[in-house]
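Listed here are the chains, written in short residue letters.
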Amino acid sequence: MIDILTVIVPHALMALAIWRLTHRNDLDDDPALPNRRAQLMQRQRRAPSGGKPRA
Amino acid sequence: MLNLFLTAFVAGFLVAGLRRPFLFVLAYAYIDIVAPQKVTWGFLQSVPVSLIAFICAVGAWLAAEDKNGIRVSPRQFVLLVLLVYCGLTTRTADFPVEAAEKWGWVWKALVFAMFLPLTLRTRLRIESMVLVMVLSVGVIVIGGGIKTLASGGGYGELKLLVNDNTGLYEGSIISTVAICVIPLALWLAKYGTIFKPGWMVWLFALGICFACLLMPVGTQARTGLICVAVLGVLMLRSTKRRGLYIGLIAVAGMIAVPLLPQSFTERMGTIRNHQSDQSAGTRLAVWQWTIEFAKTHPFGGGFDAFRQNSVSYDKILADTAGDNNTAIKTERIEEQGRAYHSSYFEMLGEQGYPGLALWLLLHIMGVAHMEVLRRRYARNPPQGFEWVTPLADALQQAQIVYLVGGAFVGIAFQPFCYMLVGLQCGLTAYIGRVRRSADVPFRTVHKAPQPAPAP
């Protein structure tokens, strides 16, 4: 019984933490650091107008 | 039922990693600490889950992670040198088969410690790593704490989740690691964002800390008691209300001491009287043997070199006959192939002077780096970075407890301790990136007082 309790409580909390982490954007992009993904997307958006015309 | 639950949990963890690759890193840390394949007897035992998580973590990082701004820290370089050096000593080990077996898990611990800082790119990742480490140790200590409260435990008698006396499930090792976890659990309760500070979070964190404190009582490992004392002194340094802290410790001590099992107080009493204790006597004899061994083997004997030792010493026996009459007798003890029971002597015997020097350098640099971070942001931290000094403090405390506890337990290559090293490197690297990317000075600028306006 004690072993089941000691397994279930921390695992349930870890499962909840994993669930929350999958929904947090700051897991991959820290707000205190420049957002490289956003910069890259901005550059890609600008590229069609500024880039060389395709044949 | 437990088998199904743990199998589903591990599978779910790995599936979550497909959505967020960093979760593979957390999955590996969890598997390395809890060893769910040991807890169950079913599917998990037949699959190398640790290796799968490790490959997934490294593969996902190589394929999908942002590697911009990554710099290899001097400590990662020291880890690399230690890894290569240990690989070389394994090739020439005195016990090749046993050495190869230990090398099989040591290399993974060292590589993961080098790899972890590369993945800790955000504050949330650092926090989540701390959380998984604390909850994973919680899987072991919560049950251990409840059993200690119920039965009082006993030396070699406390049955943890896994009863095979290896890894973190060994009494002295879990006593040391549990005390290392206390400052990290308190940091999470105060600065966590996954589970935000609140009465429920504080209640659970204090419960974990209490369970951790019970581990030295339950396992009756003297090392654990020393670690508790060291942590108590270290926390005195970082607490603001020192008088209140000392008062609370004194009151808690007065309440706890009468409740401690008699077997515990008797065993702790042998710390002062080591000559009559066989365990302590063997340690001293093995340490003396190791010093002599290193004179003829300055590059060590490879992993598990202790198997060739043969020690003998006199154990003092006191027979009290009453009326202040005590007969002192000595008994000759002879033992062979006894383990080092000290991380320092483990390094010296197995890896020689160069290995010991590298290991000491790794940890001394860690304590120093955390001290630099701790002081840098202690006063007027930039907005949103109030958590840095307390985390550096907690990691430093955990490492010092490990270094003191490691003097009496052979945990020089314990993977959990290398996760602490990886976390420290990750925190230092993260703060470095933030400082480099800041447009404005990364400090609160004190404005000079404005002159009073002219009337």
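Because the structure is predicted, anything quoted here is derived from the model rather than measured.

### Examining the packing of helix α15 (residues 343-376) of chain B against helix α17 (residues 415-437) of chain B
Residue and element names in this part refer to chain B. It is the contact of α15 with α17, at a shortest axis distance of 10 Å, that shows an interaxial angle of 40 degrees. Taken together, α15 and α17 sit at an angle that is classed as oblique. You can see that α15 and α17 cross each other, and the crossing is left-handed. In this structure, α15 uses W359, L362, H363, G366, H369, M370, L373 and R376 to contact α17, whose residues at the interface are Y418, V421, Q424, L427, T428, I431 and R435. Residues of the contact of α15 with α17, tallied by class, amount to eight nonpolar, five polar and two charged.

### As for α15 of chain B
Between its first and last C-alpha atoms α15 of chain B spans 31 Å; for 34 residues at 1.5 Å apiece the expected length is 50 Å, and the helix comes up short by more than 12%. Near the N-terminus of α15 of chain B, the side chain that reaches the backbone nitrogen of Y344 of chain B, with its oxygen 3.4 Å away, is that of S342 of chain B.

### Some thoughts on the pattern of salt bridges
Two side chains bearing opposite charge may form a pair once their charged atoms approach each other closely. Applying the stated criterion across every chain yields a total of 14 salt bridges over all chains. A salt bridge links D28 of chain A to R125 of chain B, with the nearest nitrogen and oxygen atoms 2.5 Å apart. Residue D28 of chain A is found in the loop between α1 (2-22) and α2 (36-50), and its partner R125 of chain B is found in helix α8 (residues 123-151); the two belong to separate chains. Taking the relative accessible area as the measure of exposure, D28 of chain A reaches 11% and is therefore buried. Relative accessible area serves as the criterion here: at 0%, R125 of chain B is assigned to the buried category. Close ionic contact of E335 of chain B with R338 of chain B constitutes a salt bridge, the shortest N to O distance being 2.3 Å.

### With respect to the confidence of the model for chain B
Residues and elements named next belong to chain B. Residues at a pLDDT of 70 or more form 89% of chain B, whose mean pLDDT is 87. Within chain B, helix α13 (residues 262-269) has the poorest average pLDDT of any element, 68, and helix α16 (residues 388-405) the best, 96. Predicted complex metrics record ipTM = 0.85 and pTM = 0.87.

Definitions and limits used
Residues numbered from 1 in each chain as written. Chains lettered and ligands numbered in written order. Predicted model: local features only at pLDDT ≥ 70, side-chain atom pairs only at ≥ 80, totals over all residues. Heavy atoms only, no water. Axes fitted to C-alpha atoms, helices over the stretch in contact; angles between N-to-C directions. Helix = DSSP H or I, 4+ residues; strand = E, 2+ residues; numbered from the N terminus. Parallel < 35°, antiparallel > 145°, perpendicular 65-115°, else oblique. Left-handed = near helix turned anticlockwise from the far one by under 90°. Contact = heavy atoms within 4.5 Å. Nonpolar A, V, L, I, M, F, W, Y, C, P; charged D, E, K, R; others polar. Expected span 1.5 Å × (residues − 1). Polar contact = N/O pair within 3.5 Å; in protein donor to acceptor, adjacent residues only side chain to side chain. Salt bridge = Lys/Arg side-chain N within 4 Å of Asp/Glu carboxyl O. Buried < 20%, exposed > 50% of the residue type's maximum accessible area, 1.4 Å probe, protein only. pLDDT = per-residue confidence, 0-100.

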